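Spelled out from the first residue to the last, the chains are:
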Amino acid sequence: MQPTLRSGFVALVGRSNVGKSTLVNRLVGEKVSIACDKPQTTRNRILGVVHRPGAQLVLVDLPGVHRSKSRLGEGMNALVRDTLEGIETCCLVVDVAAPAPREEDRRAARLVARCDCPRVLVGNKSDLVSEEVATERVGVYAAQGDFVDTVLVSAETGQGLDRWLECMVQRMPEGPPYFPEDAVTDQPEQFLVSELVREQALMHLREEVPHAVAVVIETWQTRPNGMIYIAATLYVERESQKGIVIGAHGSMLSAIGRAARAEVERRLGSQVYLEVRVKVKEGWRDRPGSLQTLGYR
Ligand SMILES: Nc1nc2c(ncn2[C@@H]2O[C@H](COP(=O)(O)OP(=O)(O)O)[C@@H](O)[C@H]2O)c(=O)[nH]1
Ligand SMILES: [Mg+2]
């Protein structure tokens, strides 16, 4: 007889920057979702698969709940709402390092409250404050929602993650494995690579420019010597942004390219030649056609 497996989908909902993507990466054990201290880093729904003896959890990393200013943003919020149907557990992730809930935390809490499934409250970044403060801050959310459990965790140190995982696994029904044993995500390699390039662009750029960046992989060839040649195009919305991304004598673009190449090589486990170009796609975040070509809904 086959041993029984507990399996199912767990959604992570919360405002931007509370650490949802970092938590997913930590539990999966690999970077499947890029993380950065800039808001709205995550734009798609990304699955991270967690394999444990007798259990398979599929974590659904989502864009941060926010007040949208563009078509891209509206699509991201709609994606969060739609995903909350058909999951087994919904986690509201909050940042205990933040003194008080913000408007966008409350917005996320309201979305979670509308879920039919069990809800778990996750207080992340507990490494940044004392246990007493963390407990008090998470308590503000606990008092206003109906949660089956509350956990304090840190994606940075790993503290509390086992207990959180245990609490999620306990609530999973017996079910099939949704992914093969070696899968860590549903995203194709090309998407992961485009995201690693975008992550470095986010890390290197400031103010409005990060939000205007989209990355498309144009070429992917394995050369006879085993080296992988990848050409990526980094799209921005205006000529002035293009200048910023390129930098003086190309210095910014080459810094982004170098850092991204190191990440891509780690990910693919082979030598990579990465070429990054910059192009302008006027106002792409508000144009349905452009959103589609760039892989957004
Ligand atoms: N100190 C600390 N920083 C964290 C923790 N989790 C995430 N971060 C940082 O918070 C920022 C936002 O993380 P990210 O995962 O992109 O947040 P998301 O927008 O909710 O997906 C990043 O700079 C992370 O390194 C944590 O537990 N402790
Ligand atoms: Mg994220």
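What counts, and where the lines are drawn
- Residues numbered from 1 in each chain as written.
- Chains lettered and ligands numbered in written order.
- Predicted model: local features only at pLDDT ≥ 70, side-chain atom pairs only at ≥ 80, totals over all residues.
- Core = buried A, V, L, I, M, F, W, Y, C linked by C-beta atoms within 7 Å.
- Buried ≥ 20, exposed ≤ 12 C-beta atoms within 10 Å, placed from the backbone.
- Contact = placed C-beta atoms within 7 Å.
- Helix = DSSP H or I, 4+ residues; strand = E, 2+ residues; numbered from the N terminus.
- Pairing = 2+ DSSP bridges.
- Axes fitted to C-alpha atoms, helices over the stretch in contact; angles between N-to-C directions.
- Domains from an automatic or database assignment.
- Nonpolar A, V, L, I, M, F, W, Y, C, P; charged D, E, K, R; others polar.

As a further point, take the nonpolar core. In this structure, Leu12, Val13, Leu59, Cys91, Leu92, Val93 and Val122 are the most contacted members of the largest nonpolar core, which totals 48 residues. The residues touching Leu92, leaving out its near neighbours within four places in the chain, are Val13, Gly14, Ala108, Ala109, Val112, Arg119, Leu121, Val122, Tyr141 and Gly145. Counting 28 residues, the second largest nonpolar core, distinct from the first, contains Val193, Leu196, Val209 and Val215.

Moving on, we get to unusual backbone geometry. With phi around 70°, Lys125 is a residue other than glycine that occupies positive phi space. Turning to its location among the elements, Lys125 is positioned in the loop between β5 (119-124) and α4 (131-144). The class of Lys125 is buried, set by 23 C-beta atoms lying within 10 Å. Of note, His249 is a non-glycine position whose phi angle comes to about 50°, a positive value. Examined against the element boundaries, His249 turns out to sit in the loop between α7 (239-246) and α8 (251-268).

Two faces, one strand: in a regular strand the side chains alternate between the faces of the sheet. Bridge count for strand β7 (residues 214-222) against strand β8 (residues 228-236) is 8 bridges, and the pairing is antiparallel. The partner of Trp220 across the bridge, within β8, is Ile230. Linking β7 to β8, which pair antiparallel, is a turn of 5 residues; within it Gly226 sits at a positive phi near 95°.

Attention now goes to the sheet that holds strand β3 (residues 55-61). Strand order in the open sheet formed by 6 strands is β2-β3-β1-β4-β5-β6, and the pairing between neighbours is mixed. Each of the sheet's edge strands pairs with one partner strand only, and the pair in question is β2 (46-52) and β6 (149-152). Averaged over all pairs of adjacent strands, the angle between strand axes in this sheet comes to 25°, irrespective of strand direction. Relative to strand β4 (residues 89-95), helix α3 (residues 103-113) is tilted by about 165°, and along the sheet it contacts β1 (6-13), β4 and β5.

Attention now goes to the domain arrangement of the protein. Each assigned domain of the protein is listed with its residue range as follows: domain 1 (6-171) and domain 2 (189-293). The partner domain 2 presents 12 residues to the 9 residues of domain 1 that form the contact. In the side of domain 1 that touches domain 2, the residues fall into 3 nonpolar, 4 polar and 2 charged.

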